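# Structural overview
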There are 2 protein chains.
Amino acid sequence: MTDVALSLAEAQDLVVTIFERHQTSFENALHVAKALVAAEMDGQRGHGLSRVPSYSAQSASGKVDGKAIPIVVGRKGAAVRIDAANGFAYPAFDLAISELTTIARGAGIAAATVFRSHHFGQAGYHAERLAESGLVALVFGNSPQAIAPWGGNKGVFGTNPIAFAAPRVDDVPLLIDLSLSKVARGKVMVAQQNGEPIPEGWALDESGHSTTDPSAALNGTMLPMGDAKGAALVLMVEIMAAGLSGANFGYEATSFFTAEGPPPGVGQLVLAFDPTFFSGGGFSVRLEELLSEIVTQDNVRLPGALRGARREKARQEGLCIPSKLLDELNTLNQ
Amino acid sequence: MTDVALSLAEAQDLVVTIFERHQTSFENALHVAKALVAAEMDGQRGHGLSRVPSYSAQSASGKVDGKAIPIVVGRKGAAVRIDAANGFAYPAFDLAISELTTIARGAGIAAATVFRSHHFGQAGYHAERLAESGLVALVFGNSPQAIAPWGGNKGVFGTNPIAFAAPRVDDVPLLIDLSLSKVARGKVMVAQQNGEPIPEGWALDESGHSTTDPSAALNGTMLPMGDAKGAALVLMVEIMAAGLSGANFGYEATSFFTAEGPPPGVGQLVLAFDPTFFSGGGFSVRLEELLSEIVTQDNVRLPGALRGARREKARQEGLCIPSKLLDELNTLNQ
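About the thresholds
Residues numbered from 1 in each chain as written. Chains lettered and ligands numbered in written order. Predicted model: local features only at pLDDT ≥ 70, side-chain atom pairs only at ≥ 80, totals over all residues. Heavy atoms only, no water. Salt bridge = Lys/Arg side-chain N within 4 Å of Asp/Glu carboxyl O. Buried < 20%, exposed > 50% of the residue type's maximum accessible area, 1.4 Å probe, protein only. Contact = heavy atoms within 4.5 Å. Buried area = accessible area lost by both parts, 1.4 Å probe. Polar contact = N/O pair within 3.5 Å; in protein donor to acceptor, adjacent residues only side chain to side chain. Helix = DSSP H or I, 4+ residues; strand = E, 2+ residues; numbered from the N terminus. Nonpolar A, V, L, I, M, F, W, Y, C, P; charged D, E, K, R; others polar. pLDDT = per-residue confidence, 0-100. Arc of directions from axis to C-beta.

Time to look at the pattern of salt bridges. Pairing of side chains with opposite charge becomes possible as their charged atoms draw close. Residue and element names in this part refer to chain A. Evaluated as defined, the whole model comprises 30 salt bridges over all chains. With a shortest N-O distance of 3.4 Å, R45 and E40 are connected by a salt bridge. When its relative accessible area of 38% is taken as the criterion, R45 is described as partly exposed. Through salt bridges with shared partners, a single ionic network connects D3, E40 and R45.

Right, dumping it as C-alpha cells:
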C-alpha cells in the first residue's frame, strides 16, 4: 500500500463532491471538507479524510442531516445558544465562531453552546480560528461513552476534548488540543488489527480490571489521563459541553462511526476572550515572554510545534493519502 | 500531640484577631478567616488554619498589604478586571463573585480576571459560592513555579488549580477542585520530615531526572498529573490565569509562604455561566440524571463527597486543631 499525492484543492473538491452525492448541501459539504483537509494537513489522520466514508454514510442514511441549517435559538448578553439541528458540527461551529468574534469584541468575553451536534473533529481547529481573530479561545466537547467514572466499569463519558488557542505576534496561534483519555481508542483498534497486546494503563475490561488485551479493552472502557484527577476533568467537560448546552451525555449518544440509529446529539461549549481588555493591553508581549522562557530549556518544545511543521509541508507538497483510502473515496464519488 | 476542639466561631474570631494584630484591616481579616475556617472544615488543612502563621507574617512585613482594597479597574460588557492591589486574594474574590453574579444573570456568561493577587486557598471555595447562587462556575489560578515544561528541568509554572462547581437541586453544589501537579508538594515535605522516600513519578530532581529522594525533589520540580497532556493543561491555565489577567507568571512569583521579597502578584480567572439560559431550562434535571447514572456503579462516588461529609461533621462538632498549631496561633494572638 503506497500513498498517493493529492493537491489541497483536489482533496477538497473530491470531498465536497462525495458529500454532495450523499445528501449533503454544497455549503455544508464545503465546511466539512475544509475541516477534514485541515486535519489531514496537520497529520491528524483520525480527524481527516479517513472520516469521509463514515460521515457520508451517515448523511446518506439521515443519521446526520446533511442539509441542516444551524440556527441561533437563544441570545442573551454575551451568550448564544446554537442548534446544530442534527447536521454536521462544522457549519454550527462556523456560525458560533462568527457570533463569538463579534460579541467578544464588544463584551470582553463571549460564550456559545452547541446542541444536537455531531463529531467536531480537531477541537483545536475551531479554537485556532478564534485566535486568528486575536481572541483567546477555549473549546470543550463531549463524545459517545468511552470512559467510566473513576472506580467504575461502565462507560458514561466521552473522551471529551479540550482545546485552547492564543494569538501570537508574527506567528500562528499557540495551540493546545487534547482528549482526556490516556490514549485514543484508535490505538487500541490498531493493536487489535495487528494482534498485539496494549500497554498496561490504557484501558479496562468490562469488569473494570486493567487489561492488555485489545479486544477486552474495546469491550471495556478507556482510562482517563491523570487517573482520578483526570476522571474529574472528564466529568467537568461532560457537564460543560453537554449538561450546559442541553445535549446528550456520552452514555446517551450514538456512535460517530456507524450509519444506524438516531443522531448522536452531543454538545459543545466555546468561549472567546478579548485578551487586550483583560490584560490591560500587555497580553501579546507577556505571552511571548512566557514562551521564550519555556523554550530556553533543552528538550522542550511548544505544544502544536509538530503540527505546524506538518501543515507547512502539506501546503508546499499537498497531501499523501493512503491508496486504499483514495480507492474508497473514488468509489464513493461514483 | 493531640488535637484541640474549637467551635467554628471561636476559630474565626481567633483568626480575625491575629490578622488585626498583624496589620490587616478587620474587613480583610474577616474574608481571610472565613476562607481558612471553611478549608479547615472541609479537611483541606493545607489551605486552612496552617496558613495563618505565614499569611500573618506576610501582612506584618508588608509583602501582603493587609489593608488593601481591591478595585474594579476595567469593565466591558460581561467582563471585569480586578486589581487585588497586592492584598490577600479573598477580598478580591469577594468582589469578583459579587460582580459575576450580577453580570451573569443579565449576560448569560461573565468573566473576571484578578491580578496583583495572592494565594487564593481552596479554588473550589470560590466556585462553590457562585454555584450557591445558581451559576455554573469555573476558576483557574496560577502559583509560584513548581512544574517544568514537559521534557525540561526548571520550574516555570505553578501547580495551577482548576475548580468547577454546578448548582444542584436540594443539595450542596457538585464540586471539582484539583491542582495540576500529580501530588501536592506538601506530601514531599512530609516525606522529607519523616525521612521516607517518595514514590517514582511524583517529582524530578534539578537535572530533570525522576527521583525518589524528597530533598532532591524539593530542589527540583513536581510532575504534572497526566504526563505530557497534563503539562499542556498546566501551560493553558498559566496563560489563562496569569497571561490573560496581566499577572506574574509562576517563574516570576515569590513564595506564598515566606515573608520576604516583593508580593507574589499572581493571577486568577473566574467564569460564571447561567445554566438556565444555555440549557434552555433543563439543566437541573439533566445534571441529576447524569449524577444518578454515575452513582449506580459500584465503588464510585461523586467528586467532593468526602469533603461534604467532613464539612457536616465540623458543623456539628467544631474543628479539631493540632495542639502545636493552636499554641502557635495563641502566641500570634499576643
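A word on the interface of chain B and chain A. Across the contact, 76 residues belong to chain B and 76 residues belong to chain A. The junction of chain B with chain A conceals about 6,000 Å² of combined surface from both sides, 74% of it contributed by carbon and sulfur atoms. A per-residue breakdown of the area chain B buries against chain A is headed by K229, L244 and F278 of chain B, which together make up 12% of the total. For the interface between chain B and chain A, the tally reads 4 salt bridges. For K76 of chain A, the salt bridge identified is with D274 of chain B, shortest N-O distance 2.9 Å. Our count for the contact surface shared by chain B and chain A stands at 24 residue pairs in polar contact (both at pLDDT 80 or more). Broken down by element, the side of chain B that touches chain A gets its largest block of residues, 10 residues, from helix α8 (residues 227-243) of chain B. Class assignment of the residues belonging to the side of chain B that touches chain A gives a composition of 42 nonpolar, 20 polar and 14 charged.

Quick look at the confidence of the model for chain A now. Looking at chain A as a whole, the pLDDT averages 96, with 100% of positions reaching at least 70. Interface predicted TM-score (ipTM) for the complex: 0.97; the corresponding pTM is 0.97.

Let us now look at helix α12 (residues 323-332) of chain B. All names here are of chain B. Here α12 has its buried residues at S323, L325, L326 and L329. For α12, the angular spread of buried residues about the axis comes to 155°, placing them on one side. Among the exposed residues of α12, those oriented more than 90 degrees off its buried face are K324, D327 and T331. Looking at the packing, one finds that the buried side of α12 touches β1 (3-6), α1 (8-20), α3 (52-61) and β12 (319-322).

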